[in-house]
Amino acid sequence: MQDTSLNNTAVKHNKFIIYFLLLWALLNAVQAFTLEIHADEAYYWVYSRFLDWGYYDHPPMVAVYIKAGYSLMHNEFGARLFTVITTTASLYLMWVMLKRYRVDAINFILVISGIFVFHIYGFTTTPDAPLLFFTVLFLYFYQQYIEKDSFKLAVLLGVVVACLLYSKYHGILLVVFTLAANIKLLKRGSFYAIVLLALALYAPHIIWQANHGFPSLSYHLSERSAEGYNFEYTYIYPLGQLLMAGPLIGWLLFYKGFKAKSQDVFTRTLRVNAIGILAFFFLTSFKGEVQLHWTLIAYVPLSMMVLISFTQPGVKPSWFNRLAIINMAMIVILRVCIIIAFPPLLKVDAVRSFFGFKEWAKLIREKAGDNYVIFNEGFQNPSKYNFYNNTIKGFDYDARYYRRTQYDIWPIEDSLQHKRAYVVSADIPMNGTTTDSVINSAGKWYNGWVDDIRTYQKIDFQVASYKEVMAPGANKEFDLEFKNPYPFPINFSNVNAKHKVFLEACFFKGTDQVNQQQADSTFNNISLKTGDTGNFKFNVTAPKQPGKYELIFSIRTEPFVGGRNNKIINITVE
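Residues numbered from 1 in each chain as written. Predicted model: local features only at pLDDT ≥ 70, side-chain atom pairs only at ≥ 80, totals over all residues. Heavy atoms only, no water.

Peer 1: What is the right way to look at the environment of Lys367 in this model?
Peer 2: Relative to the elements of secondary structure, Lys367 occurs in helix 18 (residues 357-368). Sequence-distant contacts of Lys367, defined by excluding residues within four places in its chain, comprise Tyr422, Asp436, Ser437, Val438, Asn447 and Trp449. (Helix = DSSP H or I, 4+ residues; strand = E, 2+ residues; numbered from the N terminus. Contact = heavy atoms within 4.5 Å.)

Here you go:
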């Protein structure tokens, strides 16, 4: 009789979960279909047009996601299809793992639907979407592996760990904290099989990084956090995490999750991962800005830990359901308002970026025709232009005051050399170039034609040291070594050239250029065949004002402002 009652309860709970997952998938599908492509998604769509084992910013799993969905439907929904599917599958697997702890279905729905960051990545396709799925899949197989040391589970975990790392580098945190929670894994022979298989599967990405000078390591570990520390990064972090966890229930999830006691090895793993990942990024905030969504993988173990603790008498507050329903309603109403383009929300930058760019891309295409289009404002808008025109003729000119991107690696720049291109500027008109403008709800852009394009974005100057101490006004000779990465010969001559080229040393404080020095004309005598190596000695004068600076060597070709042609050199003037 008792078994029948338990079975009936289980069936009832499963029905609730199925209904919830259907509604979850429906809401995400509607949002995925109706909203324009986000700038980051468009950038990753261009990834998918150049499938590779790695990219400047991220590993390649997000490109695979988009490629698979877009091959079925050539629109925004196609680019987001696999995110909608795998996010829904992730929640179902979380429920399967929690069922053995007799977690209540209503509690599951209220907690999971109240975590704001799950909603954000329920329909947008960024590296966080596959990261979320493979995080859950890792925990799903790991829960079984704890109980049964089998070769089959070891193989599955090895594959999943590789997929984690192919999704986003943050995935390594899940592996590290899982081992920290269960150090006895080192005594299992199959554990080493997991490690070896994961490394073997991940080797192509490591080789790609090596062949390209480890650009991702340089960007994420050095250049991304090169600016000075700002206390705002640290105090905003906990406030932002409260929002990510749920505007009304986030504080309770942290309190209950951190306070919950581990019942077994698996719950200890959940607790160590939740606390460890959140603590890791808190400490990272003392080095530089931490984007709020970086902690996404922490909310899987945190929410599971809270739900397991709710099965114990007296842990769940009597008022929780009412607060959670209001919390969930607030998030759903917000999502519906975004879908219908509620005017006040369009004043928020994060929301406004989903509107107006489809029309904008068509307006630019009408003026540029089938010619290459060069944007001087970062990777976002050239990527949107490419997505909405189903082309790869939009190019991101990475200016010296911006940063490098995957556009500095792709062959797009090779193809536009010495061609006529349409140049689009979002900031101010370009003297001698701007002849037209495009205005729509997304903003205003200044445009014009440039003949015989000449750029050198791929040139990468190498120096002996990327940290230097100089006296105010002192001179230092930098020996710049570089090679020609283009599939054609290059030269820096200005003889009979339509657009002159200059090499400049630029000192920055933050994003402000405070000093600029031009190399002598011997630089213009350099010519290199494909793959050849050259060098140039640049005598640089330090700023007279003491302080910390960033030094960038920039090749500037008229009419552009100059690119970023080396990794940041940190200069201390004292």
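Peer 1: Before we go on, may I ask you to explain the pattern of salt bridges in this structure?
Peer 2: Where charged atoms from two side chains of opposite charge approach closely, those side chains can pair. Tallied over the full model, the rule gives 15 salt bridges. Note that Asp414 and Lys458 form a salt bridge whose closest N and O atoms lie 3.0 Å from each other. With Asp414 in helix 20 (residues 412-416) and Lys458 in the loop between strand 5 (443-450) and strand 6 (467-470), this pair connects stretches of sequence that are 44 residues apart. Taken as a pair, Asp414 and Lys458 share a single burial class, namely buried. When the shortest N-O distance is used, the salt bridge between Asp479 and Lys537 registers 3.3 Å. Of this pair, Asp479 sits in strand 7 (residues 475-483) while Lys537 sits in strand 12 (residues 533-541); the two residues are 58 residues apart in sequence, bridging distant segments of the chain. Residue class for Lys537 comes out partly exposed when judged on its relative accessible area of 44%. The structure contains a network of salt bridges with shared partners spanning Arg365, Asp370 and Lys393. (Salt bridge = Lys/Arg side-chain N within 4 Å of Asp/Glu carboxyl O. Buried < 20%, exposed > 50% of the residue type's maximum accessible area, 1.4 Å probe, protein only.)

Peer 1: So what exactly am I meant to see when it comes to the layout of surface pockets here?
Peer 2: Take a probe with the size of a water molecule and roll it over the atoms, and the empty space left behind shows itself. Volume-wise, the second largest pocket comes out at about 630 Å³. For the lining of the second largest pocket, the elements supplying multiple residues, two or more each, are helix 11 (215-221) and strand 7. Broken down by element, the lining of the second largest pocket gets its largest block of residues, three residues, from strand 7. The class makeup of the residues in the lining of the second largest pocket is six nonpolar, eight polar and eight charged. (1 Å grid on protein atoms, 1.4 Å probe; cavity = no way out; pocket = protein on both sides within 12 Å on 5 of 7 lines; lining within 4 Å. Points joined across faces, edges and corners; volume = space filled by probe spheres on them. Nonpolar A, V, L, I, M, F, W, Y, C, P; charged D, E, K, R; others polar.)

Peer 1: Any chance you could explain unusual backbone geometry here in plain terms?
Peer 2: Among all residues except glycine, the phi angle is most often negative; among peptide bonds, the trans geometry is most common. Looking along the chain, the bond that leaves Glu558 and enters Pro559 is cis, with omega of 5°. Tracing the backbone shows Pro559 in the loop between strand 13 (547-557) and strand 14 (569-573). For Asn390, which is not glycine, the phi torsion reads 50° and is therefore positive. Mapped onto the fold, Asn390 is located in the loop between helix 19 (380-389) and strand 2 (394-396). Judged by its relative accessible area of 47%, Asn390 is partly exposed. The residue His418 is not glycine, and still its phi comes out positive at about 65°. The class of His418 is exposed, set by a relative accessible area of 56%.

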